[in-house]
Amino acid sequence: MVKYFLMVNQRKTLNIKKLDNNIDYVLSVTHRLAPKSGDVKKLRSLPISKQLDFNGGWTWIPLPGWAADIVPKDKKGLFVPTQSGTSDWKGYNWWLGAAMLINSFAERQYENENGSIHSYSFRLDSKMIPAFEYAWTNRIILFLRRWWSHENHIPEEKAFSPVPKAVIHLTHDVDAVSKTLAIRIKQAAFSLYNKRPRAAIKFLLSNGNYWQFNKIISLEERYGYRSLWNFYGARGGFFRSLKEHIFDPAYDIYSTELKDQICLLSKNGNKIGLHPRFDTWQDANKMILEKENIEKVLGQKIYTVRQHWLRFSFDKTWKTQKKAGLAHDYTLGFNDRYGFRNSTALTFTDSASGIRVTPLVLMDSHLFDYSNKNQIERFKVIDSILDELEITGGEGSVIWHQRVFHSDYGWGDDYEYLLDGMKKRQITTPEMA
Ligand SMILES: [Zn+2]
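So, how was this worked out
- Residues numbered from 1 in each chain as written.
- Predicted model: local features only at pLDDT ≥ 70, side-chain atom pairs only at ≥ 80, totals over all residues.
- Axes fitted to C-alpha atoms, helices over the stretch in contact; angles between N-to-C directions.
- Helix = DSSP H or I, 4+ residues; strand = E, 2+ residues; numbered from the N terminus.
- Parallel < 35°, antiparallel > 145°, perpendicular 65-115°, else oblique.
- Left-handed = near helix turned anticlockwise from the far one by under 90°.
- Contact = placed C-beta atoms within 7 Å.
- Nonpolar A, V, L, I, M, F, W, Y, C, P; charged D, E, K, R; others polar.
- Domains from an automatic or database assignment.
- Core = buried A, V, L, I, M, F, W, Y, C linked by C-beta atoms within 7 Å.
- Buried ≥ 20, exposed ≤ 12 C-beta atoms within 10 Å, placed from the backbone.
- pLDDT = per-residue confidence, 0-100.

## A word on the packing of helix α4 (residues 94-102) against helix α6 (residues 136-152)
Thought 1: Contact geometry for α4 and α6: axes closest at 9 Å, N-to-C directions at 160°. Overall, the two elements α4 and α6 adopt an arrangement that is roughly antiparallel. Note that α4 runs across α6; the crossing there is left-handed. Contacts between α4 and α6 pair Trp94, Gly97, Ala98, Leu101 and Ile102 from the former with Trp136, Thr137, Ile140 and Leu144 from the latter.
Thought 2: Along the lines of polarity and charge, the residues of the contact of α4 with α6 split into seven nonpolar, two polar and no charged.

## A closer look at the domain arrangement of the protein
Thought 1: The domain boundaries assigned to the protein delineate domain 1 (2-159) and domain 2 (167-424).
Thought 2: Look at where the C-alpha atoms of domain 1 and domain 2 centre, and you get two points 29 Å apart.
Thought 3: Facing 30 residues of domain 1, the contacting portion of domain 2 comprises 27 residues.
Thought 4: Of all the secondary structure elements, the ones that give two or more residues to the side of domain 1 that touches domain 2 are α4, α5 (105-114) and α6.
Thought 5: The element that contributes the greatest number of residues to the side of domain 1 that touches domain 2 is α6, accounting for five residues.
Thought 6: Partitioned by chemical class, the residues of the side of domain 1 that touches domain 2 number 13 nonpolar, nine polar and eight charged.

## As for the nonpolar core
Thought 1: Counting residues in hydrophobic clusters, the biggest one holds 97 residues, and the most contacted among them are Trp136 and Phe231.
Thought 2: Structurally, this core is a two-domain feature, drawing no fewer than three residues from each of domain 1 (2-159) and domain 2 (167-424).
Thought 3: Beyond its immediate sequence surroundings of up to four residues, Phe231 is in contact with Val174, Ile253, Ile262, Ile272, Leu274, His275 and Ile294.

## Quick word on the environment of Arg139
Thought 1: The topology assignment puts Arg139 in helix α6.
Thought 2: Residue Arg139 is classed as buried on the basis of its C-beta count, with 26 C-beta atoms lying within 10 Å.
Thought 3: Sequence separation of Arg139 and Pro72 is 67 residues, and the distance between their C-alpha atoms is 9.2 Å.
Thought 4: Among residues more than four places away in sequence, those in contact with Arg139 are Ile70, Leu78, Tyr134 and Thr392.

## Describing the confidence of the model for the protein
Thought 1: Taken residue by residue, the protein gives an average pLDDT of 91. The fraction at 70 or more is 95%.
Thought 2: Scored below 50 in pLDDT, residues 1-14 makes 21 contacts in the model with residues more than four places away or belonging to other chains.

## So, the environment of Gly56
Thought 1: Position of Gly56 among the secondary structure elements: in strand β1 (residues 54-61).
Thought 2: Between the C-alpha atom of Gly56 and that of Ile355, which follows or precedes it by 299 residues, the distance is 26 Å.

## Things to note about the environment of His118
Thought 1: You can see His118 is positioned in the loop between α5 and α6.
Thought 2: Once the C-alpha coordinates of His118 and Gly57 are considered, the two residues, 61 residues apart in sequence, prove to be 22 Å apart.
Thought 3: Dropping the residues within four chain positions of it, His118 is found in contact with Leu310, Arg311 and Phe312.

## Brief notes about unusual backbone geometry
Thought 1: Positive phi, normally seen in glycine, also occurs at Leu310, with a value near 50°.
Thought 2: Here Leu310 shows up in the loop between β6 (304-305) and α14 (317-323).
Thought 3: We classify Leu310 as buried; it has 24 C-beta atoms within 10 Å.
Thought 4: Although it is not a glycine, Ser343 sits at a positive phi angle of roughly 55°.
Thought 5: Residue Ser343 is classed as buried on the basis of its C-beta count, with 30 C-beta atoms lying within 10 Å.

This is the structure:
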């Protein structure tokens, strides 16, 4: 494990065997939570353990009474990578722990040994699951702030900049603008999986208008939010492989209707990004073609991306995106689980590729397809994610697909609940009205 991690990081600025590199890296990623030079100086002055050994497991580190509120309710501590012989907050190297979390060290190790999980958490060791439930990196920094304040007998609110209001990047991946055969089959399969055969048949056979742009735009307008819209830019139509028919979107970005819609979205303050198809996760040439098509339609360059179906490899995808001229990725989340894939609710830079990464914390299908929850249960999940972002001053992205605002799905009410919860918590989006 140690050997592997060093190998992965040899070419990067992050080298976990150099303590100072970890400190600099973690402080740069967690800048939101310690923005001023005075904040940083205080955190750097803490007597944090310098030990650099870890053994590949996970552990709960209980916090002292004066930091008890930084531990999530009913949990016994902060959940972090195990360090040799340490289960005590004084002996734990928090800089190393945070650097390992931000960089998904455990998943990278799994990928190196077994290949990419393509964003399905069920393929990972279930012992890791608590890592995905909270923004542990953010909580580590909140703990360090508290530690300094306790040590120096100065209240945290006087010693440090306030914990900032959370930020959510609202995003809409546009997989379909009409009810295609592939969409009928995919959604009917999910209905069967969730033991709703009648819904499956109805979905297969009924017709529907999946052009839902205006509904979403006016909903967001009511709350003063704008969003990021990710489009597929390859060819649509009939003459494609079976695999493309099944897995990729099918619309043509050059159709007049879509062209007008994309330009209108952009004109009204929304951002346009790329949603490249299934096979692009390690193929820069295919990605470039898609990106250029969207740029031609939009009349300007685009820099943001989320991989379709969250097809993703730590080793390959960010480098591929960089090669394609992209700069900011929103893929880092799970298909089958909401929460915090790298235990971090912050935008960070991947050292190997230079790509900026905003983690994905919640997707519509987490609530509907991958779990059979009723509305009360779904709202509870939405609240739990918003609460975690609020408490930890976090930043993350959320996906609500364009088509799901149609009554075939009826997932729009939950999106409205999300926007309402954001407003109540004064959570902002990067693109505000
Ligand atoms: Zn997609």
